[in-house]
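Listed here are the chains, written in short residue letters.
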Amino acid sequence: PPPVIQPLPQNQSSALVWLFYMHMPSLLRQLSRASFLAQQLLLPVPEHGTDMDISTPSFFTNLLQHYNHYQQPSQYLSTPCTSPGFGGHVLLLSCGSVPQKVGPDHVD
């Protein structure tokens, strides 16, 4: 059988943060977007901030795609279903990558 890959981090507090951002109410999502844009306006203009490095690391994993791809329908509900997360204007990305190989090749 194919391996079971959890759609959320093992750490409960990290998992709750993921769930919050993927299922955030729309009004709060709009407020977070406005806050993010306000913070971007505070960044230095490239011509004036030549000595300041504001580069970001390379991101390998889109957390929303990972969550939606690996979640399984709940067997304990009367009608098994999934609850896909949805993205906002701010991407949920991670520097870590999803393991490509999980578990042993064979079972003796």
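On a predicted model such as this, the values are computed, not experimentally measured, just so you know.

To continue, consider the overall build of the protein. In terms of helices and strands, the protein carries 3 helices and 2 strands. For the protein, the proportion of its 108 residues judged to be buried stands at 15%. Excluding contacts between residues fewer than 6 apart, the proportion of contacts in the protein whose partners are at least 24 apart in sequence is 64%. Accessible surface, the protein: about 9000 Å² in total, of which carbon and sulfur atoms supply 60%.

What follows covers a nonpolar patch on the surface. A cluster of nonpolar residues, Val17, Phe20, Tyr21, Leu28 and Leu31, forms a patch on the protein surface that exposes about 450 Å² of accessible area. Counting only elements with at least two residues in the nonpolar patch, the list comes to helix H1 (12–22) and helix H2 (26–41). Examining the composition of the nonpolar patch, we find that 3 residues originate from one element, H1, more than from any other. Secondary-structure assignment places Tyr21 in helix H1.

Right, let's talk about the packing of H1 against helix H3 (residues 63–70) for a bit. For the pair H1 and H3, interaxial distance at closest approach is 11 Å and the crossing angle is 95°. On the basis of their axis angle, the class for H1 and H3 is roughly perpendicular. Between H1 and H3, the residues in contact are Trp18, Leu19 and Met22 and Leu63, Leu64, His66 and Tyr67, respectively.

Before going further, it helps to spend a moment on the confidence of the model for the protein. Residues at a pLDDT of 70 or more form 72% of the protein, whose mean pLDDT is 75. The element-level mean pLDDT for the protein is lowest in strand E2 (residues 93–94), coming to 70, with H2 highest at 87.

For H1, the full list of buried residues reads Ala15, Trp18 and Met22. The arc enclosing the buried residues of H1, seen along the axis, measures out at 60°, which places them on a common side. Relative to its buried face, H1 has exposed residues pointing more than 90 degrees away, namely Gln12 and Leu16. On its buried face, H1 sits against H2 and H3.

Of all hydrophobic cores here, the largest spans 5 residues; its members are Trp18, Met22, Leu63, Leu64 and Tyr67. Where this core is concerned, the elements lending two or more residues are H1 and H3. Tallying contributions element by element places H3 first for this core, with 3 residues. When sequence neighbours within four positions are dropped, the list of residues in contact with Met22 reads Arg29, Leu63, Leu64, Tyr67, Gly85, Phe86 and Leu92.

What follows covers the environment of Thr82. Relative to the helices and strands, Thr82 resides in the loop between H3 and E2. Judged by relative accessible area, which is 38%, Thr82 ranks as partly exposed. Remark: the alpha-carbon pair of Thr82 and Gln71, spanning 11 residues in sequence, is separated by 7.0 Å.

Cut-off values and rules
Residues numbered from 1 in each chain as written. Predicted model: local features only at pLDDT ≥ 70, side-chain atom pairs only at ≥ 80, totals over all residues. Heavy atoms only, no water. Helix = DSSP H or I, 4+ residues; strand = E, 2+ residues; numbered from the N terminus. Buried < 20%, exposed > 50% of the residue type's maximum accessible area, 1.4 Å probe, protein only. Contact = heavy atoms within 4.5 Å. Areas by Shrake-Rupley, 256 points an atom, 1.4 Å probe, with all protein chains shown as cover. Patch = residues over 30% accessible without salt bridge, like charges linked within 9 Å, V, L, I, M, F, W, Y side chains within 5 Å. Salt bridge = Lys/Arg side-chain N within 4 Å of Asp/Glu carboxyl O. Axes fitted to C-alpha atoms, helices over the stretch in contact; angles between N-to-C directions. Parallel < 35°, antiparallel > 145°, perpendicular 65-115°, else oblique. pLDDT = per-residue confidence, 0-100. Arc of directions from axis to C-beta. Core = buried A, V, L, I, M, F, W, Y, C linked by side-chain atoms within 4.5 Å.

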